[in-house]
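The chain contents come next:
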Amino acid sequence: MVLLCSSLEPRISDANCLRLDQADRTDFQKLLVELTECATDNLQYYEAQSGDTELKFASQFSKLIDLIDGNIRPLSESLFGMARRYDFAGMRANGYRSLLFVTERCCRRLLNVATHVRNGRQSLLFRSGHYQRELKAYISCLDQLHYCLHYAERLPAFSAPGSLFVDESVYTTDPEAKDLMLQAECIAQECFYGRCLGFQFCDSVHATLLAISIGMATFAEDYKNRDRRGLAKWASTLANSSRHLYDHEGRAAAVVNMTRNATVDFCLSFWNSAENPFFQSLPMIMCPSPAVSEVFHIPPTAFQLPRVLPHSPGAFYSQIPDKVNIAPPVAHRGPDAVACRLLCHRARVGMTWLLGNLPPDTVAPSNCLIFHVHGGGFVAQSSRSQEVYLRHWARDLDCPIVSVDYSLAPKNPFPRALEEVFFSYAWCLNNFRALGSTGQRIIAVGDSAGGNLILSMSIRCVQFGIRPPDLLLPIYTPALIRFTPSPSRLMAIMDPLLPVGILTRCLLAYAGIDEGSLLGQLAENGLAASSSSANAAAAAASKSSAPPDSAHSDEIFSWDDWTAGEPAGDEASSLSSSGVGGRLPVSRSAPALPQQLQSPRPERRRQAQQQQQRGASELDFLAQLGERHFAQSPIETPLTKIRIAGPFIIPLDPFMSPYLADDADLARLPPVHMIACRLDPCLDDSIMLARKLSELGRPVKLDVLSDLPHGFLNFNLTSRDAKAGSDFVVQRLREAMSD
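Residues numbered from 1 in each chain as written. Predicted model: local features only at pLDDT ≥ 70, side-chain atom pairs only at ≥ 80, totals over all residues. Heavy atoms only, no water.

Going by an unreviewed UniProt entry, the chain carries the name Hormone-sensitive lipase and comes from Macrostomum lignano.

The structure is reproduced here in structure tokens:
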């Protein structure tokens, strides 16, 4: 079953939701009892034996029992009690529930191992070494998960009631919140990238995740020796790949070290390996062949579009005589053409300019147009690498798909990508016929970073007064580009595709902030986490990373200057006007936090804090855990310093973070249908944005898929569940086309 829950399903009543939660809680407690009994039986057996192997088994089972009784059981009880308060529209999905699900799945893996040990421990064929390593690995995962649960349990004390995001006004000033951040840095990641890699996901993606992990570890070692050429390089790659296939601990150490310390250039090199000819040839061999899959370039020439009125009688939008000037992208490198790819399963009337002579089986223009923006963390991927699923979409939907190859960070940071996406969409509004469509219905779809960009693009559309898409379909989308903690974002610690280190670097690169310069500025400021010092450091870092030929490079702008569209005339209506000159908008003093990131009243925070106390002081993390303590100190890496410095490093910009947009702009958005994944670090972003749009009275739908990872669309050739997820997206697109 791909779909976990959906806002389209009949809403679960509070009484039924409470009943289901109680059933889940009871099932989990039964699981813990069964696991404890099995572990106790094994412990008693091995304590009566002698030998090093027996002592190791006894030690591991003793640790497991203590971990369950002292931490997992009480922490899970606490989170089960609070999780329901953060659901949206009766959907039983949020970051708290996801952490409980991961913990439950880890316990089931442990029960499976413990049962095999109990049933086979007296057999001559019993693989004691194998099961001992399996047991140790999953106990390590459960140990680190209990730190995640405790961290999540304390988050409501620093959040507005019902909010999954931490209140930044408290988070950046409260010493307790600062202590909480330091504790999060103590969570070890290695155990999640070794033997237990991707245990939380569906079985059909395990082989893909293992291949990616081996490739990442091998690429990290080859990258150090990138001067090698020819046979020596291939021999080294083969040897490292073979070793990482069996050396789980070595692979985990290599991957975690890379995600913590590698530069964004390394991340780009690894992700761009998907652009090599071999991988690019796979869609042509294994995917449907469209009649049209051509790249074209939109010239950097300004044009005009009619202004429209929303909610007019007889149509969702109607044109009025006024015109809007659309200027080409200019940020960071000046005007330049924008590359797009047009995919269509059948050639259609109007495509002569692209195909030359049309084939005999050419059909009439489609009533629909799919406007697609790819993901890749704002720094990688292209429309070519997304053909692995776009070719299936083109066949199944039988309508033209325009996919934008926007410029990537760090060479082209915000707002260049958004400018190009907006310009490309506006050009499509002027050229429906050339794309094989009547333009009767436009659907904008984007995954991950692409979902962020289509949301921001639509906000820009309503500000300019041009026709926005008829429906937005963002998939596993980050809506808040900030280092703001939430329960689901904790899962980046264990996510093999979105490790916290790579995620941090992608956000910095998109914001145009140079990591080295920022670290230098933070060092000068003593790593102070105040809004003024962190924001000043970010401003200085973005200034140092700006292109040397940027106009007005000494100016710092606030995001307030970027919120209004321009009528047709001499002023450029691009996101970066000549006054901005490609500079990242960062104010010298921190702007006031938007209301959605603040607690309404201080006493509410105190009430939430009191609700989370279990008879122990919230001030003392070690005391609340009893005699247990962190096994390691905070891990000192460059990214640790950046995250601890606080969320103010990333500017408050509604075009970068659609969740921060003004209510007036969000209230004018077209219907939004979001698709999220239960185990995705971006889950809480989708839930919070859906809740905000719903409160504003906008039509919003949310689907949460069960056990698929972030980026599952790219795995539909290697995983049956990922293919089912892609087919589910096609189903939602088909429904949107017929609305």
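Turning our eyes to something else, we now look at the nonpolar core. Among the nonpolar cores identified, the biggest contains 211 residues, and Phe-61, Ile-326, Phe-371, Trp-393 and Ile-466 are the most heavily contacted of them. Of the domains in this structure, domain 1 (22-157) and domain 2 (281-485 + 651-738) are the two that each give at least three residues to this core. In this structure, Ile-466 is in contact with Leu-305, Pro-306, Val-308, Val-324, Ile-326, Phe-422, Ala-426, Leu-429 and Cys-461, ignoring residues within four places of it in sequence. (Core = buried A, V, L, I, M, F, W, Y, C linked by side-chain atoms within 4.5 Å. Buried < 20%, exposed > 50% of the residue type's maximum accessible area, 1.4 Å probe, protein only. Domains from an automatic or database assignment. Contact = heavy atoms within 4.5 Å.)

Looking now at the pattern of salt bridges. Following the criterion strictly, the structure yields 31 salt bridges and no others. The salt bridge involving Arg-105 is made with Asp-707; its shortest N-O contact spans 3.4 Å. Separated by 602 residues along the polypeptide, Arg-105 in helix α3 (residues 95-120) and Asp-707 in the loop between β11 (700-705) and α24 (720-738) bring together distant segments of the chain. Judged by relative accessible area, which is 21%, Arg-105 ranks as partly exposed. Arg-678 serves as the salt-bridge partner of Asp-707, at 2.8 Å between the closest nitrogen and oxygen. Taken together, the residues span a long stretch of sequence, with Asp-707 in the loop between β11 and α24 and Arg-678 in the loop between β10 (672-677) and α23 (683-695) at a distance of 29 residues. For the pair Asp-707 and Arg-678, a shared accessibility class is recorded, and that class is buried. Three or more residues are tied together by salt bridges with common partners; here these are Asp-21, Asp-24, Arg-84, Asp-87, Arg-92 and Arg-97. (Salt bridge = Lys/Arg side-chain N within 4 Å of Asp/Glu carboxyl O. Helix = DSSP H or I, 4+ residues; strand = E, 2+ residues; numbered from the N terminus.)

Our focus in this paragraph is the packing of aromatic side chains. Under the criterion given, the structure shown has 19 aromatic pairs. Between Tyr-138 and Phe-199, the aromatic rings sit 6.0 Å apart at their centres with planes inclined by 80°, giving edge-to-face as the arrangement. Pair noted here: Tyr-138 is in helix α4 (residues 128-154) and Phe-199 is in the loop between α6 (175-184) and α7 (206-224), with a separation of 61 residues, a long-range link. Geometrically, the ring pair formed by Phe-422 and Phe-464 is edge-to-face, given 5.0 Å between the ring centres and 70° between the ring planes. Of the two residues, Phe-422 sits in helix α14 (residues 416-430) while Phe-464 sits in helix α15 (residues 449-464), which places them 42 residues apart along the sequence. Its relative accessible area of 3% is what places Phe-422 among the buried residues. Of the aromatic side chains, those joined through ring pairs into one cluster are Tyr-45, Tyr-46, Phe-57, Phe-61, Phe-126 and Tyr-131. Directly above the aromatic system of Tyr-45 lies the positively charged group of Arg-121, at a separation of 4.3 Å from the ring centroid. Positioned over the ring face of Tyr-659 is Lys-692, at 5.0 Å from the centre of the ring. (Phe/Tyr/Trp six-rings, centres within 6.5 Å; stacked < 30°, edge-to-face > 60°. Lys NZ or Arg CZ within 6 Å of the ring centre and 35° of its normal.)

Next up on the list: unusual backbone geometry. A cis amide bond, omega 0°, links Ala-409 with the succeeding residue Pro-410. Tracing the sequence through the fold places Pro-410 in the loop between β7 (401-405) and α14. At the junction of Phe-414 and Pro-415, the peptide bond is cis and its omega measures out at 10° in the coordinates. By secondary structure assignment, the location of Pro-415 is in the loop between β7 and α14. Although it is not a glycine, His-332 sits at a positive phi angle of roughly 75°. Summarising the element assignment, His-332 is placed in the loop between β4 (317-326) and β5 (338-344). Phi is positive for Gln-381, which is not a glycine, with a value near 80°.

A word on the pairing of β7. Judged by how many residues are buried, β7 sits mostly within the fold: five of five residues are covered. What you see with β7 is no split at all: Ile-401, Ser-403 and Asp-405 on one side and Val-402 and Val-404 on the other are buried throughout. As defined by bridge partners, β5 adjoins β7 across five bridges and the pair is classed as antiparallel. Bridge pairing in β7 links Leu-343 to Ile-401. Where strand β6 (residues 366-373) lies against β7, four bridges are found, and the strand directions are parallel. Within the sheet, the bridge partner assigned to Phe-371 lies in β7 and is Val-402. With respect to chirality, the unit in which β6 leads through helix α13 (residues 387-397) into the neighbouring parallel β7 is right-handed. (Pairing = 2+ DSSP bridges. Right-handed = clockwise from strand over helix to strand, strands pointing away.)

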